[in-house]
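As a plain string of letters, each chain reads:
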Amino acid sequence: MIETAVVGASGYSGAELVGLLATHPRAALRMVAGAASAGRRWEDLYPARAHLFRGEIQAFEAASLEGLDAVFLALPHGESASAAAELEGRVGRIIDLSGDLRLPDRHVYERWYGRDHPAPQLLGRAVYGLPELFGGDLEGAEIVACAGCYPTAVQLAAAPALGLPGAPSHVVASALSGTSGAGRKADLSLSFSEVFGNARPYRVGSHQHTPEMAMGLERHAGRGVQVTFVPHLIPIERGILATIVLTFDAAPDPAAVLDRYRRAYADAPFVRVLADRLPSVRAVAGTNVCEIAPVVDGGSLVVVAAIDNLLKGAAGQAVQAFNRSFGLPEAMGLPGGEGA
Ligand SMILES: NC(=O)c1ccc[n+]([C@@H]2O[C@H](COP(=O)([O-])OP(=O)(O)OC[C@H]3O[C@@H](n4cnc5c(N)ncnc54)[C@H](OP(=O)(O)O)[C@@H]3O)[C@@H](O)[C@H]2O)c1
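Residues numbered from 1 in each chain as written. Predicted model: local features only at pLDDT ≥ 70, side-chain atom pairs only at ≥ 80, totals over all residues. Heavy atoms only, no water.

1. Digging into the overall build of the protein
Worth spelling out the cut-off: Strands here mean DSSP runs of E at least two residues long; helices mean DSSP runs of H or I at least four residues long; both are numbered from the N terminus. With C-alpha atoms as the basis for the radius of gyration, the globule rule is written as 2.2 Å multiplied by the number of residues raised to the power 0.38. Throughout, exposure labels follow a simple rule: accessible area from a 1.4 Å probe, protein chains only, divided by the maximum for the residue type, with under 20% read as buried, over 50% as exposed, and the rest as partly exposed. Contacts: residue pairs with any heavy atoms within 4.5 Å of one another. Within this scheme the basic residues Lys and Arg register as positive and the acidic residues Asp and Glu register as negative, but His and the chain ends are omitted. We put the charge of a Lys on NZ, of an Arg on CZ, of an Asp on CG and of a Glu on CD.
A count of helices and strands for the protein gives 11 helices and 14 strands. By the compact-globule yardstick of 20 Å for 340 residues, the protein fits well, its C-alpha radius of gyration being 19 Å. In terms of overall dimensions, the protein has a C-alpha envelope of 60 × 45 × 45 Å along the principal axes. Out of the 340 residues belonging to the protein, those deemed buried represent 55%. A separation of at least 24 residues holds for 68% of the contacts in the protein among residues at least 6 apart in sequence. Charged side chains of the protein number 28 positive and 35 negative; the gap between the two group centres comes to 3 Å.

2. Regarding the domain arrangement of the protein
For clarity, the cut-off: Per the annotation, domain bounds derive from an automatic or database assignment of domains. Accessible area that two parts lose when put together, evaluated with a 1.4 Å probe and summed over both, is termed the buried area. Salt bridges are defined by distance alone: a side-chain nitrogen of Lys or Arg within 4 Å of a carboxyl oxygen of Asp or Glu. Under this definition, polar contacts are N or O atom pairs within 3.5 Å; protein pairs additionally need one hydrogen-donor-capable and one acceptor-capable atom, and for neighbouring residues in sequence, both atoms have to be side-chain atoms.
Domain assignment breaks the protein into domain 1 (2–125) and domain 2 (151–309). Look at where the C-alpha atoms of domain 1 and domain 2 centre, and you get two points 26 Å apart. Counting residues at the interface gives 12 residues for domain 1, matched by 13 residues for domain 2. Roughly 1000 Å² is buried in total at the junction of domain 1 and domain 2, and carbon and sulfur atoms are behind 64% of that figure. Together, Tyr12, Arg102 and Trp112 form the three largest contributors to the area buried by domain 1 at its contact with domain 2, with a combined 56%. If you look at where domain 1 meets domain 2, you find two salt bridges. A salt bridge links Glu16 to Arg238, with the nearest nitrogen and oxygen atoms 3.0 Å apart. Counting across the domain 1 and domain 2 interface gives three residue pairs in polar contact (both at pLDDT 80 or more). Those elements that place two or more of their residues in the side of domain 1 that touches domain 2 are helix H1 (12–22) and helix H4 (106–113). At three residues, H4 tops the list of elements feeding residues into the side of domain 1 that touches domain 2.

3. Overview of the packing of aromatic side chains
Stated formally: Pairing of aromatic side chains requires ring centres within 6.5 Å, counting the rings of Phe and Tyr and the six-membered ring of Trp. Pairs whose planes differ by under 30 degrees are stacked, by over 60 edge-to-face, and all others tilted. Either the NZ atom of lysine or the CZ atom of arginine qualifies as a charge over a ring when it sits within 6 Å of the ring centre and within 35 degrees of the ring normal.
Tallying each qualifying case throughout the model produces eight aromatic pairs. On the basis of an interplanar angle of 45 degrees and a centroid distance of 5.5 Å, the ring pair of Phe72 and Phe322 is categorised as tilted. Residue Phe72 is located in strand S4 (residues 70–73), and its partner Phe322 is located in helix H11 (residues 311–325); the two are separated by 250 residues in the primary sequence. Relative accessible area serves as the criterion here: at 0%, Phe72 is assigned to the buried category. Overall, the relative accessible area of 0% leaves Phe322 in the buried class. On the numbers, 5.0 Å between centres and 70 degrees between planes, the contact of Tyr150 with Phe229 is edge-to-face. One end of the pair, Tyr150, is in helix H6 (residues 149–158); the other, Phe229, is in strand S10 (residues 226–233), and 79 residues separate them in sequence. Of the residues examined, Phe229 reaches a relative accessible area of 4% and is grouped as buried. Following the ring pairs from residue to residue traces out a cluster consisting of Trp42, Tyr46 and Phe53. Looking at Arg93, its charged tip hangs above the ring of Phe326, at a distance of 4.3 Å from the centre.

Printed below as a string of structure tokens:
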């Protein structure tokens, strides 16, 4: 068995990881760690999942994880890279869910995250974890920087389109997210009364996921890509619905577009390309699936994508990357994969 631990196990993404790893056929979950929750029983925080895992949450100490095969970090950005730096060389693999190690240029990180980088020595060493687009990089990867939630939906929606004849270099992305996207920590703007019955954009023009989307799409397309990103908070608990628009000079052929998307994801166990209906968050909730529907509207290509932010956008993606890193079947232990 592959010996694992989850740091940040009391948080939303960490709790999903605990459930996935506790039931994964090849993983053994040896420790769950946190900060303020240290000393509490994990099943008391998540009683609905007590059948999956029971154990005391430990205070994070790198030394106590020494020798494990893989440690998952589900920590706030800033904390995560510091933990990764402490763990490096002590554990076999580090799989980070935060944004700390996704952008290889520390200046880009510092500009968009608004803080000094806590461990610049790790930048450029981490492999970007978006298996459908860059899965080959994950084989044997020792440090994985899992793609963010919005960047997963937007990049999977946009990547095939950028290879169409006459495709523009500008992607306009608008996305709706539920409150779990901001984690479990207390925040007045996320309280029930502030969120319920409302829908609002936030961080327009300054969201930290924007350069990550451009980076991934540029790398995939092999040319410059500009991303305009407009995120919105809506009153649901979990799920992301992203709509991207690319404007062509000449209208693309709908059949060719659909064919391109189907071919692009023919071997991707978690991408469902739709032709007869549109994606919705309910259709993917509780799964690691990304639903995608490309629709030609005059000279524009509109692509709608839906994911569960805590699974395909976070913990599921991390386990998918873990599977690839260890040479296991990509869909092992994950809900919603082809044949699962
Ligand atoms: N939520 C999403 O949809 C999503 C999607 C993709 C990526 N991510 C990324 O995943 C990471 C976790 O997000 P989340 O939403 O799950 O956050 P969260 O619910 O706020 O949980 C954060 C976790 O980090 C722990 N923690 C904080 N500081 C720590 C420290 N110094 N040492 C040990 N543990 C510490 C907390 O432990 P205590 O509770 O014990 O203090 C808690 O378990 C973030 O970087 C986030 O950007 C989140």
